[in-house]
Amino acid sequence: IQRPKMSTLQLIITGDLACCGYVVGTTVWYFFVSSPIVFNHFGRDKFIPVMMRLARVYFLHMSAALGGSLALSLCSGAPLSSLTSLSSGLALAAALTNQFIVGPQALKAGKAAIADAENKDRANSKLEFASEGGGSKTAFWHRTVVVVVLSMTAATATHLFAIAGRVAAPP
C-alpha cells in the first residue's frame, strides 16, 4: 500500500485522533459524569428508562466513531497486522458486540427489571446499583456491558498510543 503524502497523512491521523477522542470522551461522560447525575436527579426507578434510551445512542455512536477510526487507520497506510490497525479493529469489534449482542440483551433485562415489583422495592446504594444493575436479572448483562466497554476503551487507548508512536517516528 502506498503511503499518502504527508499533508494528507496528517489529515487522516487528525481524523483518527478525533474519532478516538470522541470515543474516550463520550465513554467517560456517559459512565462517570451523566450516569451519577441522572441517578441522583431522577432516582433509581426513572434512571433505568433514561439510561436505556441513551445506551442505544451511545452504542451506535461508538460503533460509528470506531468504524471511522479503523477506516482512517487503514487509509493511513498502516498494515492490517500493525498495532494501530489491530487495536482499532478490536475496539470496533467490542463496540459492535455491545451494539448488536450484549447491549440488546442488557436492555431486554433492564425492561424486565423495571417490571419486577420486587426490584422496585429494593433499596440499594449507588455503588451496588453500578455493580448489580437493576437486580439479579440484569446483573450479568450489566457487568458484561461494562467489561466490553472497558475492553473497547483499553483498545482505543492502545490505538491512541500507537498513533502517537507513528506521529513521533514517521518513516
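See above for the structure.
Once that is clear, we can look at the packing of aromatic side chains. A complete count under the given rule lists six aromatic pairs for this structure. Ring geometry for Phe140 versus Trp141: centroids 4.9 Å apart, planes at 75°, classification edge-to-face. By relative accessible area, which is 54% here, Phe140 ends up exposed. What makes Trp141 partly exposed here is its relative accessible area of 24%. The structure contains a cluster of three or more aromatic residues connected by ring pairs, namely Tyr30, Phe31, Tyr58 and Phe59.

Further remarks concern helix H2 (residues 44-75). Between the first and last C-alpha of H2 there are 45 Å, a value that for 32 residues agrees with the 46 Å anticipated at 1.5 Å per step. At the C-terminal side of H2, Gly77 shows a positive phi close to 95°.

This part takes up the nonpolar core. Grouped together as the largest cluster of nonpolar side chains are 27 residues, with contacts concentrated most on Val23, Phe47, Tyr58, Met62, Leu66, Val145 and Met152. When residues in this core are grouped by element, the largest group, 11 residues, is from H2. If we ignore the near neighbours within four places in the chain, the residues touching Val145 are Phe59, Asn98, Val102 and Ala106.

A few words now on the environment of Leu66. Within the secondary structure layout, Leu66 lies in helix H2. Sequence separation of Leu66 and Asp16 is 50 residues, and the distance between their C-alpha atoms is 8.8 Å. The residues touching Leu66, leaving out its near neighbours within four places in the chain, are Val23, Ser88, Ala91, Leu92, Ala95, Met152 and Thr156.

Reading the values: rules and limits
- Residues numbered from 1 in each chain as written.
- Predicted model: local features only at pLDDT ≥ 70, side-chain atom pairs only at ≥ 80, totals over all residues.
- Heavy atoms only, no water.
- Phe/Tyr/Trp six-rings, centres within 6.5 Å; stacked < 30°, edge-to-face > 60°.
- Buried < 20%, exposed > 50% of the residue type's maximum accessible area, 1.4 Å probe, protein only.
- Helix = DSSP H or I, 4+ residues; strand = E, 2+ residues; numbered from the N terminus.
- Expected span 1.5 Å × (residues − 1).
- Core = buried A, V, L, I, M, F, W, Y, C linked by side-chain atoms within 4.5 Å.
- Contact = heavy atoms within 4.5 Å.

All we've got here are geometric facts, nothing functional implied.
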